[in-house]
Structure formats: C-alpha cells, structure tokens
Amino acid sequence: MPLPVPVPPEGVDPAWLPDEAFRPIGTRRTLVRGSGPLVDTVHGEVARACERFGGRVERDAAPGPFDLVLELTGPQELGDEGFTCRREDGRTTVGAYGGAGLLYGLLHVVRLGEAAFHGERQREYHEPALALRMLDHWDNVAVHPVMGQVERGYAGGSLFWADGRARGELERVRAYGRLLAACGINAVAVNNVNVHETEAHLLTDRIGEVAAIAGALRPYGVRTHLSVTFAAPVVLGGLERADPLDAGVREWWAETTARVYEAVPDFGGYVVKADSEGQPGPFAYGRSHADGANMLAAALDPHGGTVHWRAFVYNHHQDWRDRTTDRARAAYDHFVPLDGEFAPNAVLQVKHGPMDFQVREPVSPLIGAMPDTRLAVELQATQEYTGQQRHVCWLGPMWSEVLRFRLEEGACAGELARGGLVAVSNVGDDPFWTGHPLAQANLYTFGRLAWQPDADPHELLDEWLGLTFAPVPEGLCDLLSGSWRTYEKYTAPLGVGFMVQPGHHYGPSVDGYEYSPWGTYHFADRDGIGVDRSVAGGTGYAGQYAKPWAEMYESPQTCPDELLLFFHHVPYGHVLKSGKTVIQHIYDTHFEGVAEVEEAVETWASLAGQVEPGRHARVAERYAEQLRSAREWRDQINSYFFRKSGVPDESGRTIF
Ligand code: GCW
C-alpha cells in the first residue's frame, strides 16, 4: 500500500521539496518493486507525484515499458542506506538493498530532475560516508523561564512540544521527517541537552510522547534519540545516588532502557551533557566520564542503541583575573587521557571548535587526539553566534573547512568523525521552518555534508537553490555564498571570538564577557589584543595539536591571519600577512562588511517579483535588521579600538 505523503499545514513553506520538484517523476511511468515500510513510503511519493502530474505507478508488476524502476535488489554491501543508479535503453533504474536506500535513491532522482531521464548513465554507487547524520533539537517541553521553548531557537516554537506536552497534531512532524530524508539526515534528538525537570520524565512516565514522535519520523528513515539527565536515577527513580559504578544505579538504567525499547523498538539512544554548565555528571561521585558513558552504553547495548556523550566540559566559574586557565584547552585535557576506555557503542560528541561555535575558531585538537574512541563532530546550525537567523550567514564553507581539515597525517575531521556528524537544529514551528528563509540552506547543507563530508559546499548550495527556487533568480547564489565571510568581517575580528551581548548573545558588546566567569576573553588594552595560547609564553593550547599545526600556530609569524588573535596577543601595529596592521584590518573589514550587507539588501530588493512574495517579504524584513545590526557592530568595534589604541583610520572614515 502506498503511504500517503504528509502535507504540512496551510501556509507552511515547502522548502526544498516543492511539488514541482516531482514533476519529472510524476509525468512518467514508474515501477516500484519490493516490500517493507520504507518501500511503501517510496510508492506513496511516486503515487502522489503521478496524481499531480498525470503519470502512472505500478507496484511489483512484471517489467514493461517503464521510464523509472525503483527496486529492492542486492547487493548487500550497499548497506541499508546505499543505492545504485543507472540509465540504459531509455530507462532509469535505482537499486537498493534496504528500504532507506530506495528512499534515498528516489530523492536522488528528484534532485537530478529532468536530467535523470535523458542520455545514458553508467551505474553509480551512492552510500553515506557517515552512518549517523543527526540533528539535536534544543527544544524544551515546558517553556523555560529564561531560555524559552527552544534554547537558542530563532524559528518560533518547537515542532514537537507546546504547552508542556507533545503536540497532538503530528502531520507537521511527518513533513519534517520527509524534508530531513531529502537532505540525508537519519536521526533526531527531540529534546534539549539541558534536561530540566519536566523533560527528565520523557525517559520514563512520558515515553509515550516520544514514541508518538518516533512514529511520525520513522516512515522517512529517521530514528529518534532522547537527551537524558545523568541524575535520572535520583530524580526519577528515587535512588539516593547516580554513581555509575553502583550496581543499583546500573540496574535502574538497564530496566528503564528496556522499557524505552518496548515503547520505541528502533530507539536510537541517549544524548548526555554531563558535568557541563551545571548539568549533573560522574564527577560528583569521583568517577570518570568513561565510567558515566559506559554505564549508559551497557544499558543500551542489548537493544542496539548508542550513547552520545558530549565533550563540552569546562570550568564555567573561572576567575577572569587568572590567565593560566584556558577554556579552549578543557575538552582535550578532560578526554584525551580517557582514549580507549569508551565502550564501542559510546560516541564522544565534540564541538567542532575548542570554544563555542564562534564565527571563526580553529578545529578542535581533540578530534585528532582520540584514535581509539568513536567520535562525532558537532556543528551548530542554529545561528546562536552567527546572526540568530536575522542575518544571512550560510555556514557551508566553514563546516567544509572543518571537515576537510587534516588533524593528523592523512586523516581529516570528516573521516575521524566515525561516530557521525551532528548539528544543533535551526528549525522551529515557524512557517519557513528556520525563521529566516535563507537559513534553510544551512540545514540542507549540513545533511548533505554529513552524507559526503568532502562534498563541495558550493555545489550543495546550488542543489538547494535549484530545488527551492527553480528558476533560481540571478544574484541569489552570491547573496549566500559569501555571507559567512561578510558576517565575520563586521563582527569579532581575527578569530578572537565573542564580543556579544551577554545572555542572549545577539549584537555587539566588546567587553560583554571580558570580566565574566565564562572563560571567553580578548584581553584588549591600549597596546594590543588577543589571547596568548602559545606553548612558549601562553596557555600551551597550541601544543595540543599534532605537527605541522602545533608549530604553525605557535608563532604569530606563521599563524594564519584569520586565527591570529585566537592564538596570540599582538600589538595593534602588528603587520598581518595581508600587509595590513591589525588595527587597520579591523577598520577595513568592518567598513567592508557593512558595505557588503548594503549591497545585498539592494540585490534582494531587485529580486522582488522573482521570488514568492511571502518569502521575499520575510527575507527583506530580516535584511533590514541585519543592516541595522551590522552598522551597530561596525561602529561599536571601530570606536572601541580607536579609543583604546588612539590610532586613526588611514582612510579617515567616520569612527565615533
Ligand atoms: O553555547 C552554549 C549555549 C548553551 C548551550 C551550550 C551547550 C544547550 O549558549 O545554550 O546549552 O552551549 O552546547 O550545551
């Protein structure tokens, strides 16, 4: 039986799956062969396309005059998610071993569009480089007094939760699963890693709500994961302790987990933020993070589940006067000694940079330093520090740089992420899914990069544009492709990071975190700026890298310009590789960044009439705010450094 295609509520943007994208399939004759729930999904997709566009679909018929054949056949080596695609004698054939592979094959044909049905095509093999391609939602069930419904969420409420409980209407969640499959994402964690009291109960008495969500995501090959609190045995189980080596505690987790699997048989596993920013963890019992993770891994193991243990562990009560403590060092210092101790179904989830999702950071050295541990790399699609979905900031190039970065001889981050690629979701119940319609490009690019970490991000951007906008208006691609660098230009310079308003993290405040306990400082004075992280005279962080990076980062002479202030404290007159002084670079980039936004605003205005009006209006409104905010950044940063340094702008532009 074909499974009906989910239809999102009236007014919800079709994103990268507009009906038109199915026209080439819907006007033709298709044969679907094989059985299983995901094959029913494939059948449903083709049936609906045919309904729209007049084509025909048959299930399990004898081969006849078909234009497209989608069939479950071997080889087993393709795994559950791989597929082949070929075209000969006027027929396009997709073969897969598993239902998920067939679905991905169909969506591949959708991406190809008309091109899928012309010429000849040698058999191509497609399979994901990473088995786990996951989105972590930082969604709260009950609205949090400070963080709201979605922590760091810029796209309205949660798709899953409202008014303290799961949303009853799940058609939108089904439509979400469909969009995720169409960019290759196969796992979702449905609640915030900061697990508050209400949310803790999802693990036990409220697991039914999780099961309903899992049921809505399953037809598109998306597995459900849950964030849990390490203190669950105490908070939920009435035990006195949550000590991971205590037999009673271990038994509690084993039994609780068995009940989770009764409710959700294909449950993916747990996500845990422990001993981090106030969340409970094994340190309270004098145990290691391997002890903690392995206890949960043992509970999940009989059911095929995985624990994702986050490496975001640092001292958030630091004394700003103390220059020896360096937050950037923390994850490496905590976890490298534990390499080899984690269970095979425990994945250490590492943020891509050593600090916290800044617009520019070096790649976390931890990723290259745990050869005997399964690692997942965590990215942030929600734009906490990159414009909060009010600014256009397409992160594809940044993520791609991270994934292609060779941390140790031969291996790049994308290959070392054997435990998968994860992103903090940027989606909410907003009609455009991501608040800013152009922020959909981040979600799409993330999924496709997780499938193929060495893909060219600009090709993925073209794919997204082609699906979402067909025909793609002239100039639109340029608005996105350089937007990350534009954002970098008018915000914190040369890798120094932060300078945001405390708490909500939107907009400039150069000293906002300078005298705080959070470990995020720039150390600007009248002579210079930056953090000395060298081995020779600084915190020693540069020494956490293997060769050649440790040496390259060690000296301001060899350190790349864009990371100079992350690794070094230098005078304002220090000359960059670009030939400019640091202070002149700051002025120039801030003026340039704003000029680029001004130009983007004009380009966007000129596209009215070529873009769906609702979408055009929403983006125009966001651009107005981006321009206001970029000017504020420019003027605060330039004025601050002019006042500190007393050095005038060579070009004599207005600085306040
Ligand atoms: O960047 C910080 C965010 C927190 C977040 C934390 C984390 C979920 O400001 O809101 O908490 O990172 O990654 O755990």
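Refer to the structure above for everything that follows.
Note that this is a predicted model, so its numbers are computed, not measured. Note that residues are indexed from 1 along each chain, following the sequence as it is written. Note on the predicted model: pLDDT of at least 70 is required for a residue's local features to be given, and 80 or more for side-chain atom pairs to be given and counted; whole-chain, interface and lining totals, by contrast, use all residues. Note that water and hydrogens are dropped before the side-chain values are worked out from all heavy atoms of the structure.

Regarding the sheet that holds strand β5 (residues 91-96)
Here a strand pair is declared whenever DSSP counts at least two bridges between the two strands. Put simply, DSSP marks the helices as runs of H or I at least four residues long and the strands as runs of E at least two long, and each gets a number from the N terminus on. Strand order in the open sheet formed by 6 strands is β2-β1-β3-β5-β4-β6, and the pairing between neighbours is mixed. Two strands close off the open sheet at either side, each with one partner strand: β2 (56-59) and β6 (121-126). Averaged over neighbouring strand pairs, the angle between their axes works out to 10 degrees when direction is ignored. Any pair of residues with heavy atoms lying within 4.5 Å of one another is described as a contacting pair. Angles here are taken between N-to-C directions and fall from 0 to 180 degrees, while the axes themselves are lines fitted to C-alpha atoms, restricted in helices to the stretch in contact. Here helix α3 (residues 99-112) sits on the sheet and contacts β3 (68-72), β4 (83-88), β5 and β6; the angle it forms with β3, its principal contact strand, is near 160 degrees.

Here we look at the environment of A376
Mapping A376 onto the fold places it in strand β17 (residues 374-380). Discounting residues that sit within four places of it in the chain, A376 has contacts with H308, V347, L348, Q349, V350, G419, G420 and V422.

Looking at the side chain of R28
You can see R28 is positioned in the loop between α1 (23-26) and β1 (29-33). Three labels apply to residues, based on accessible area from a 1.4 Å probe with only protein chains included: buried if under 20% of the type maximum, exposed if over 50%, partly exposed otherwise in between. On the basis of relative accessible area, R28 is assigned to the buried category, the value being 17%. Pairs of N or O atoms are called polar contacts if they sit within 3.5 Å, as long as, within protein, a hydrogen donor faces a hydrogen acceptor (for residues adjacent in sequence, only side-chain-to-side-chain pairs). Within the structure, the side chain of R28 is placed 2.9 Å from the backbone oxygen of P24, a separation counted as a polar contact. In contact with R28, other than residues within four places in its own chain, are C50, G55, R56, D67, E114, F117 and H118.

Brief notes about the layout of surface pockets
Gaps left between atoms are located by rolling a probe of water-molecule size over the structure's atoms. Its boundaries defined by the atoms lining it, the largest pocket holds a volume of some 630 Å³. Using protein atoms alone on a 1 Å grid, points that fit a 1.4 Å probe yet trap it form a cavity, whereas open point sets bounded by protein on both sides within 12 Å along at least five of seven lines form a pocket; residues with an atom within 4 Å of a point count as lining. Contributing to the lining of the largest pocket are 27 residues, with D80, E81, A131, N186 and R223 lying nearest its centre. For the lining of the largest pocket, the secondary structure elements donating two or more residues are α3 and β13 (223-227). Grouping the constituent residues of the lining of the largest pocket by class yields 8 nonpolar, 11 polar and 8 charged. Both domains that furnish three or more residues to the lining of the largest pocket are identified here as domain 1 (19-126) and domain 2 (133-468). Grid points are joined across faces, edges and corners, and a volume is the space filled by probe spheres set on the points. Each residue gets one of three labels, nonpolar for Ala, Val, Leu, Ile, Met, Phe, Trp, Tyr, Cys and Pro, charged for Asp, Glu, Lys and Arg, and polar for the others, Gly among them. The source of the domain bounds is an automatic or database domain assignment.

Focus: the environment of L375
As for its placement among the helices and strands, L375 is situated in strand β17. Judged by its relative accessible area of 1%, L375 is buried. Sequence separation of L375 and L416 is 41 residues, and the distance between their C-alpha atoms is 6.9 Å. In contact with L375, not counting residues within four places along its chain, are V347, L348, V350, L366, I367, M370, L416, A417, R418, G419 and G420.

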